[in-house]
Amino acid sequence: QVQLVESGGGLVQAGGSLRLSCAASGRTFSSVTMGWFRQAPGKEREFVSTINWSGGFTRYADSVKGRFTISRDNAKNTVYLQMNSLNLEDTAVYYCAAGRTGQTAREEWEYAYWGQGTQVTVSS
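Not measured: the values here are computed from a predicted model.

Colleague: Where do I start with the nonpolar core in this structure?
Modeller: Among the nonpolar cores identified, the biggest contains 34 residues, and Met 34, Trp 36, Val 79, Leu 81, Met 83 and Tyr 94 are the most heavily contacted of them. Among the elements of the structure, strand E3 (18–25), strand E4 (34–39), strand E5 (46–51), strand E7 (68–73), strand E8 (78–83), strand E9 (92–99) and strand E11 (118–123) are those that each provide at least two residues to this core. Looking at this core, the element that brings in the most residues is E9, giving five residues. Not counting the four nearest positions on each side in its chain, Val 79 is found in contact with Leu 20, Ser 21, Cys 22, Phe 29, Met 34, Trp 36, Ile 51, Ile 70, Ser 71, Arg 72 and Cys 96.

This is the structure in structure tokens:
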């Protein structure tokens, strides 16, 4: 069993930055891929970024590539999402997820555990 708790969300002006954190409990954290997804009002949840078990491989949605950076600290059981140059379209609830394997994953079904989400609101 893995429990995930996101933090770091909030209100930020367009062009600003936020860093999300996701703290995981459980002994399997360092062996599984981690991912970030988001859900904007009235839209389906979508993939944002993923990082493999070692942190050596990462993938991003085209909409955030070059602006967001995913990283992990296995010693702290924590995964991060650094978000820069935020725009209005980034407003959403951001979810952290723990994968079923150690490889990067873009699909929701590839993740076994989910956090409760943290709200990110970008204002003009």
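Colleague: What's the story with the pattern of salt bridges in this structure? I'm lost.
Modeller: Where side chains of opposite charge bring their charged atoms close, a pairing between them can arise. Tallied over the entire structure, the rule returns five salt bridges. Between Arg 38 and Asp 90 there is a salt bridge; the shortest N-O distance is 2.9 Å. Taken together, the positions of Arg 38 in strand E4 and Asp 90 in the loop between E8 and E9 put the pair 52 residues apart, joining distant regions of the chain. You'll find Arg 38 and Asp 90 in the same group, each marked buried. Measuring nitrogen to oxygen at the nearest pair gives 3.2 Å for the salt bridge that ties Asp 62 to Lys 65. A residue is classified by how much of its surface remains accessible, and Asp 62, at 66% relative accessible area, is exposed.

Colleague: Help me out: how do you make sense of the environment of Ala 97 in this one?
Modeller: Looking at the element boundaries, Ala 97 is found in strand E9. In the structure, Ala 97 is positioned 64 residues away from Thr 33 in sequence and 8.6 Å away in space, judged by C-alpha atoms. Ignoring sequence-local partners within four residues, the contact set of Ala 97 consists of Leu 4, Thr 33, Met 34, Gly 35, Tyr 111, Tyr 113 and Trp 114.

Colleague: What should I look at first to understand the state of the cysteines in this one?
Modeller: What the rule picks out here adds up to one disulfide. There is a disulfide in this structure between Cys 22 and Cys 96, and the S-S distance comes to 2.0 Å. Across the S-S bond linking Cys 22 and Cys 96, the dihedral sits near -75 degrees, which makes this disulfide left-handed. Here Cys 22 is found in strand E3, whereas its partner Cys 96 is found in strand E9, with 74 residues between them in sequence.

About the criteria used
- Residues numbered from 1 in each chain as written.
- Predicted model: local features only at pLDDT ≥ 70, side-chain atom pairs only at ≥ 80, totals over all residues.
- Heavy atoms only, no water.
- Core = buried A, V, L, I, M, F, W, Y, C linked by side-chain atoms within 4.5 Å.
- Buried < 20%, exposed > 50% of the residue type's maximum accessible area, 1.4 Å probe, protein only.
- Helix = DSSP H or I, 4+ residues; strand = E, 2+ residues; numbered from the N terminus.
- Contact = heavy atoms within 4.5 Å.
- Salt bridge = Lys/Arg side-chain N within 4 Å of Asp/Glu carboxyl O.
- Disulfide = S-S within 2.5 Å.

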